[in-house]
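# Architecture at a glance
Here's the letter readout for the chains.
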Amino acid sequence: FFFQAEDGIRDSSVTEFRRVLFRSKTGDGTVYTVIFDSETVDQSSSYDPTTGIFTTPVAGKYQIDATISLANIDAAHTLAQMDLLCGATHYYSEVSPAAIKTSANRTSMVMSNCVSVGAGVAIKVTIAVLNGTKTIGIGGSSYLSIQLVA
């Protein structure tokens, strides 16, 4: 995965682009680290697919984009929290998946942040769906992109 500049030069600063395979999880509020396990690019070999943690190879400003697709959402699932953890810094987004689900009982959460971090900082995405016991699905068009921009 590369961004194509107008001058035709490929920007090879993309550090990571991954997709997640479908996983079933209980929608009871349990926090899950999303494991992105289908790799497109990992130029720095900084992602550990067993832990879901990306470790920044160099200090700099990183553009982090994540989309988490949820399936099997029902009326009881009234809160979902997606977290982006960058070392000690925590970014999060909350939605009511039951209020925004499609007729196929699916919804997605999206997060985009530009963060300045040092080398060796752990980055991961977590998700929790609350107020239900029905098993939900995480996957589909979920992805993570981490790009060193400065």
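Predicted model, so just to flag it, every value in this text is computed and none were measured.

## A word on the overall build of the protein
Looking only at helices and strands, one finds one helix and 14 strands in the protein. Looking at the 150 residues of the protein, the share that counts as buried comes to 39%. Of all intrachain contacts in the protein linking residues separated by at least 6 positions in sequence, the fraction that spans at least 24 positions is 73%. Roughly 7200 Å² of accessible area belongs to the protein as shown, and the carbon and sulfur atoms make up 52% of that amount.

## As for the confidence of the model for the protein
On average, the protein scores 82 in pLDDT, and the residues at 70 or more come to 84%. Every residue in residues 1-14 scores below 50 in pLDDT, and together they form 24 contacts with partners more than four places removed in sequence or on other chains.

## Points about unusual backbone geometry
Phi is positive for N72, close to 65°, though the residue is something other than glycine. Inspection of the secondary structure assignment puts N72 in the loop between β9 (60-71) and β10 (79-86). We classify N72 as partly exposed; its relative accessible area is 35%.

## Here we look at the environment of S45
Locating S45 in the fold gives a position in the loop between β6 (38-42) and β7 (47-48). Taking relative accessible area as the criterion, S45 reaches 62% and is therefore assigned exposed. Sequence-wise, S45 and P57 are 12 residues apart; in three dimensions their C-alpha atoms are separated by 8.7 Å.

## Focus on the nonpolar core
Within the largest apolar cluster, 29 residues are counted, with the highest numbers of intra-cluster contacts made by I64, I68, L70, M82, V125 and I127. Mapped onto this core, the elements with two or more residues apiece are β9, β10, β12 (107-117), β13 (122-130) and β14 (135-148). Considering every element that reaches this core, the biggest residue donor is β9, with five residues. Excluding residues within four positions of it along the chain, I127 makes contact with T30, V31, Y32, V34, I68, L70, Q81, M82, M109 and I138.

## Here we look at the pairing of β10
For β10 and β13, the ladder comprises eight bridges, and the chain directions are antiparallel. Across the sheet, L85 pairs through a bridge with K124, a residue of β13. Relative to strand β11 (residues 89-95), β10 runs antiparallel, the two sharing seven bridges. In the sheet register, A80 faces β11, and the bridge partner there is V95.

Reading the values: rules and limits
Residues numbered from 1 in each chain as written. Predicted model: local features only at pLDDT ≥ 70, side-chain atom pairs only at ≥ 80, totals over all residues. Heavy atoms only, no water. Helix = DSSP H or I, 4+ residues; strand = E, 2+ residues; numbered from the N terminus. Buried < 20%, exposed > 50% of the residue type's maximum accessible area, 1.4 Å probe, protein only. Contact = heavy atoms within 4.5 Å. Areas by Shrake-Rupley, 256 points an atom, 1.4 Å probe, with all protein chains shown as cover. pLDDT = per-residue confidence, 0-100. Core = buried A, V, L, I, M, F, W, Y, C linked by side-chain atoms within 4.5 Å. Pairing = 2+ DSSP bridges.

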